[in-house]
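Listed below are the residues making up each chain.
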Amino acid sequence: MRVPEQSQAIVIYTGWERHALLGSDIRLSCSFFSWRWTSEDVTFSWTYRPDGSRDSISVFHYTGGMAYVDNKGPFRDRLEFVGNPARRDGSILLKNLDFSDNGTFTCDAKNPPDIVGRPSSVRLLVFEKVPIQAGVITGSIIGAVLGLLVLIVVIYYLMRFLVARRVFSLSVSKHGKKKKEGSQQRQGPVPPADPSKPVRRMAAGARSNQQQRTVVRKTEGVGGGGEEGPGRVLMTIELELTRKNGEKGPGGEGGMGRSAAPGFLSRLANQLTFK
Amino acid sequence: MLVLAGIIVVHITSIILLLVAAIDNAWWITDSVSTDLWGRWELTNSVWHYTNLKNYPEEYLQTVQATSVLACIFAILALFVFVAQLFTLPKGQRFTFTGILQLIACLCIMIAASIYTAELHADDTVGGYGHSYVLAWISFVLTFVLAVTYLVLRKKSE
């Protein structure tokens with residue numbers, strides 16, 4: 001006597017949702033995974049439940065090597081079996097779709113002795129024209145505008161950097177071995193060696209004149225000789241800047257409030273004016 | 001002090017109004033329906049149900065959605081940039097970046113409200129415009145005034 005073999009679980013795969021145009025054909029795929037070899041008694045069956053209805057009808061059955069398609073129901077003459085049971089494929093082809101074909105198709109496969117499994121469903125949606133997925137236009141407009149904004153900001157800062165650098169390299173070649181003060185981007189063009197003529201024309205985004213003058217003066221004092229390496233001069237300038245900001249040096253925050261000990265907010269607030 | 005506080009209060013108000021206009025589904029209301037931009041509230045048997053929007057011109061609806069969201073984003077960005085520029089702007093300069101961002105926000109909400117007026121519910125006889133729609137136009141005015149303010153305002157230079 002043959003002991004019936006243990007049954008294991010079988011896993012069935014179909015799609016989740018299928019979209020199709022009115023009048024077109026669609027292939028609904030169904031496949032399964034099973035630990036056992038594909039037996040000769042493998043069966044596939046498809047049932048259909050229309051949208052809004054609670055009853056499902058059987059439209060396709062494959063068993064004993066024979067495929068039985070719907071010949072009385074809504075799919076008569078429109079259903080075709082295009083699967084390959086030996087390769088665990090139980091797909092069907094629906095032809096000439098109509099709006100009444102909207103609904104859920106359930107595929108159930110059995111591979112004896114593996115019969116314990118959950119049937120898998122695929123939802124069919126028939127459209128007159130393929131709709132744009134919800135939110136695609138919204139998302140693309142938002143993304144494009146924000147991307148453009150980022151691009152513009154990056155280009156703006158890049159232009160500033162390039163212009164400052166170009167001015168710097170031009171001045172260097174003109175002044176040759178003279179002291180290279182103010183060589184950082186934000187400092188603007190290189191001031192002439194004569195400190196009594198403070199630089200008035202700035203490159204884009206440079207600080208105010210007072211600051212520039214201060215830096216020039218201080219660097220001249222520290223620099224001394226004319227053959228400083230550019231590295232040392234740069235470091236000096238940075239140091240001067242931070243120190244100056246910390247001590248509120250000459251011509252620093254001219255916008256301080258009139259009161260004796262201004263609060264932070266009032267100091268900030270007094271910096272705004274319409275004139 | 002008053003100027004700074006006033007500007008910030010008005011800016012935050014405009015952001016709040018923009019957010020309400022963009023998020024709340026009340027651009028068009030009737031006695032039992034409150035709809036747009038994202039869904040539709042229908043009152044059936046004294047229970048409100050939330051459903052999807054159907055039979056709308058998709059491109060126009062999504063453009064209104066996108067531009068109203070962009071208006072909120074730019075207004076919030078303008079607030080942060082204003083605060084940053086308060087600290088970093090050189091003396092005597094104008095708050096141009098903030099002004100430009102606020103102007104773009106104003107433009108976006110104007111586009112949103114205009115397209116909505118022209119294309120959606122243009123032929124409906126029942127119902128009227130809801131509070132989100134009204135707030136959208138009010139925030140258009142506020143953001144415009146703020147943008148002009150930022151473009152004129154200067155940092156004091158001594």
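Residues numbered from 1 in each chain as written. Chains lettered and ligands numbered in written order. Predicted model: local features only at pLDDT ≥ 70, side-chain atom pairs only at ≥ 80, totals over all residues. Heavy atoms only, no water.

The next thing to look at is the overall build of chain A. Tallying secondary structure elements over chain A gives 4 helices and 13 strands in all. Out of the 275 residues belonging to chain A, those deemed buried represent 33%. For chain A, long-range pairs separated by at least 24 residues make up 56% of all intrachain contacts whose partners lie at least 6 apart in sequence. Accessible surface, chain A: about 17300 Å² in total, of which carbon and sulfur atoms supply 58%. (Helix = DSSP H or I, 4+ residues; strand = E, 2+ residues; numbered from the N terminus. Buried < 20%, exposed > 50% of the residue type's maximum accessible area, 1.4 Å probe, protein only. Contact = heavy atoms within 4.5 Å. Areas by Shrake-Rupley, 256 points an atom, 1.4 Å probe, with all protein chains shown as cover.)

To continue, consider the sheet that holds strand β11 (residues 116-118) of chain A. All names here are of chain A. The 3 strands are arranged β4-β1-β11 in an open sheet whose pairing can be described as mixed. Edge positions in the sheet fall to β4 (30-33) and β11, since each has one partner strand and no second. Ignoring strand direction, the axes of neighbouring strands in this sheet form an average angle of 25 degrees. Strand direction decides the pairing type here: strand β1 (residues 9-14) and β11, joined by 3 bridges, are parallel. Considered in β11, the bridge of Ala9 is made with Val116. (Pairing = 2+ DSSP bridges. Axes fitted to C-alpha atoms, helices over the stretch in contact; angles between N-to-C directions.)

Okay, the packing of helix α3 (residues 96-119) of chain B against helix α4 (residues 131-152) of chain B next. Residues and elements named next belong to chain B. For the pair α3 and α4, the least separation of the axes is 8 Å and the interaxial angle reads 155 degrees. Comparing their axes, α4 and α3 come out roughly antiparallel. For the pair α3 and α4, the crossing hand works out as left-handed. In terms of residue class, the contact of α3 with α4 is built from 16 nonpolar, 8 polar and no charged. (Parallel < 35°, antiparallel > 145°, perpendicular 65-115°, else oblique. Left-handed = near helix turned anticlockwise from the far one by under 90°. Nonpolar A, V, L, I, M, F, W, Y, C, P; charged D, E, K, R; others polar.)

What follows covers the UniProt feature "transmembrane region" (unreviewed entry) in chain B. Residues and elements named next belong to chain B. With numbering matched to this structure, UniProt assigns "transmembrane region" (unreviewed entry) to residues 7-29, 66-87, 99-118 and 130-153. End C-alpha to end C-alpha, residues 66-87 measures 32 Å, and it is 100% helix and 0% strand. Helix makes up 100% of residues 99-118 and strand 0%. Its end C-alpha atoms lie 28 Å apart. (UniProt positions renumbered as here; feature names shortened; annotations may be inferred.)

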